[in-house]
Amino acid sequence: LVWASLLVSLPLYAVSILFRETLGVYEAKGHGAENFATVPEAFFTIFQCTVASECADHMGRPIFALVAAEYGWAYAFIFCIVEVLMSFGLFNVVVAIFIENVLAGARANEQVMKKHRLRDQSFFATKMTELVAIIMKVHQDRQHEEANDGSDREVSSRSNLPATPQELLIEAAGVEITPALFEEVRQRDGV
């Protein structure tokens, strides 16, 4: 919010100095020039006209219509250029930056939620049990193939995996995961 205020204030300050130096010298004549007698008054007037869209003097008369009628349309033209640049240019940039920050916050929140899901212990335990079961299945298949010594006869019975996750982990503790076993696990269908 501070940087947005600064981004809006800098161009308004430059324009207020311009109007102070050009219109402020006519403050005694009135007709809208009294609103630019000092830099703070000029800044407030320009801010009020561009940001608040309330561009009237203390009597309710339009400031830049009075200024244009008395001092020339160049001042009204400068004000119109500033109004267009502020309304369509700078304010849209500020809004776009705010929207980008909101979207970045949403993406960061999504990543935090993803981390929370991955840290969920029951989810982790289930997936680890499934992974250990796959590794054990591949290991058992390899043991059966080695027991057959490459013969063509089919192994009639294969040992089943343990029934509980605790028994599975106890049995898996003795399995050495070699690069060949790992590669076979990776290439197994459904893994």
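For the structure itself, look to the data block above.
None of the values given here were measured: they were computed from a predicted structure.

Draft legend 1. Quick look at the overall build of the protein. When its secondary structure is counted, the protein shows seven helices and zero strands. Written out in order from the N terminus, the α and β elements of the protein read α-α-α-α-α-α-α. Rg of the C-alpha trace for the protein: 38 Å, well past the compact-globule value of 16 Å for 191 residues, more than 25% over. Taken along its principal axes, the extent of the C-alpha atoms in the protein is 110 × 30 × 25 Å. Residues counted as buried form 27% of the 191 residues belonging to the protein. Summarising the internal contacts of the protein: among those between residues at least 6 apart in sequence, 61% fall at separations of at least 24.

Draft legend 2. Layout of the packing of aromatic side chains. Summed over all chains, the structure comprises six aromatic pairs. An angle of 50° between the planes, with centres 6.2 Å apart, marks the rings of phenylalanine 19 and tyrosine 75 as tilted. With phenylalanine 19 in helix H1 (residues 2-22) and tyrosine 75 in helix H4 (residues 73-119), the pair connects residues that are 56 residues apart, well separated along the chain. Exposure class is identical for phenylalanine 19 and tyrosine 75. Each is buried.

Draft legend 3. How the structure looks around the nonpolar core. Ranked by internal contacts, the top residues of the largest apolar core, which has 19 residues, are Phe19, Leu23, Phe36, Ile46, Phe64 and Val67. When near neighbours in sequence (up to four residues on either side) are disregarded, phenylalanine 64 contacts Phe19, Phe36, Ile46, Cys49, Cys55, Tyr75, Ala76 and Phe79. Judged by nonpolar contacts, the second largest core, of nine residues, contains Ile135, Leu168, Ala172 and Val175.

The rules behind the values
- Residues numbered from 1 in each chain as written.
- Predicted model: local features only at pLDDT ≥ 70, side-chain atom pairs only at ≥ 80, totals over all residues.
- Heavy atoms only, no water.
- Helix = DSSP H or I, 4+ residues; strand = E, 2+ residues; numbered from the N terminus.
- Rg over C-alpha atoms; globule rule 2.2 N^0.38 Å.
- Buried < 20%, exposed > 50% of the residue type's maximum accessible area, 1.4 Å probe, protein only.
- Contact = heavy atoms within 4.5 Å.
- Phe/Tyr/Trp six-rings, centres within 6.5 Å; stacked < 30°, edge-to-face > 60°.
- Core = buried A, V, L, I, M, F, W, Y, C linked by side-chain atoms within 4.5 Å.

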